[in-house]
Amino acid sequence: MVAEATKKGFPCQAADISNFKLKEKYDAVISLFHVISYMTTNEALIKTFQNANKHLNKDGVFLFDVWYSPAVYEQKA
């Protein structure tokens, strides 16, 4: 996916959300597709939140989604 996005002119990279480092700060950090739900320990979750915060400007926001288990179980594939 990263290679395809790069070919289309969308700069991106694959990295561990809990410890990657960028030089820039942003008004918003967005984590979609239940990435937060893949954090399996409190330590991993805390590191992820801390890392997102390091990349935010003052008063920036971190937006993320999570699984809502009852809805996931209700979906029939």
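That block above? That's the structure.
Residues numbered from 1 in each chain as written. Predicted model: local features only at pLDDT ≥ 70, side-chain atom pairs only at ≥ 80, totals over all residues. Heavy atoms only, no water.

Chemist: Please clarify how the overall build of the chain should be interpreted in this entry.
Modeler: In terms of regular secondary structure, the chain is built from three helices and two strands. Overall, the chain shows an N-to-C arrangement of helices and strands of α-β-α-β-α. The C-alpha radius of gyration of the chain comes to 15 Å, more than 25% above the 11 Å expected for a compact globule of 77 residues. If you line up the chain on its principal axes, its C-alpha atoms span 40 × 30 × 20 Å. Across the 77 residues that make up the chain, the buried fraction comes to 16%. Put simply, the chain shows about 6,600 Å² of open surface, and 60% of that area lies on carbon and sulfur atoms. The chain carries 9 positive and 8 negative side-chain charges, and their two centres are separated by 6 Å. (Helix = DSSP H or I, 4+ residues; strand = E, 2+ residues; numbered from the N terminus. Rg over C-alpha atoms; globule rule 2.2 N^0.38 Å. Buried < 20%, exposed > 50% of the residue type's maximum accessible area, 1.4 Å probe, protein only. Areas by Shrake-Rupley, 256 points an atom, 1.4 Å probe, with all protein chains shown as cover. Lys, Arg positive; Asp, Glu negative; His and termini not counted. Charge placed at Lys NZ, Arg CZ, Asp CG, Glu CD.)

Chemist: I'm lost on the nonpolar core in this one. Help?
Modeler: Note on soluble globular proteins: their nonpolar side chains tend to be buried together. Ranked by size, the top nonpolar core spans five residues in total: V29, I36, A52, L56 and F62. Residues contacting A52, with those up to four places away along its chain left out, are V29 and F62. (Core = buried A, V, L, I, M, F, W, Y, C linked by side-chain atoms within 4.5 Å. Contact = heavy atoms within 4.5 Å.)

Chemist: Explain a nonpolar patch on the surface to me, please; I cannot follow it from the model alone.
Modeler: A surface patch of nonpolar side chains, amounting to about 520 Å² of accessible area, comprises I30, L32, F33, V61 and L63. Relative to the helices and strands, L32 is located in the loop between β1 (26-31) and α2 (42-54). (Patch = residues over 30% accessible without salt bridge, like charges linked within 9 Å, V, L, I, M, F, W, Y side chains within 5 Å. Salt bridge = Lys/Arg side-chain N within 4 Å of Asp/Glu carboxyl O.)

Chemist: How should I be thinking about the pairing of β1 in this particular structure?
Modeler: Walk down a regular strand and you will see the side chains alternate between the two sheet faces. For β1 and strand β2 (residues 56-64), the ladder comprises five bridges, and the chain directions are parallel. Bridged to S31 within β2 is F64. The parallel pair β1 and β2 is bridged by α2, and the resulting crossover is right-handed. (Pairing = 2+ DSSP bridges. Right-handed = clockwise from strand over helix to strand, strands pointing away.)

Chemist: What am I meant to see in the side chain of H55 here?
Modeler: Topologically, H55 is positioned in the loop between α2 and β2. There is a polar contact of 3.0 Å between the side chain of H55 and the backbone nitrogen of L22. Only 2.8 Å separates the side chain of H55 from the backbone oxygen of N51, close enough to count as a polar contact. Filtering out sequence-adjacent residues up to four positions away, H55 remains in contact with F20, K21, L22, E24, K25, Y26 and V29. (Polar contact = N/O pair within 3.5 Å; in protein donor to acceptor, adjacent residues only side chain to side chain.)

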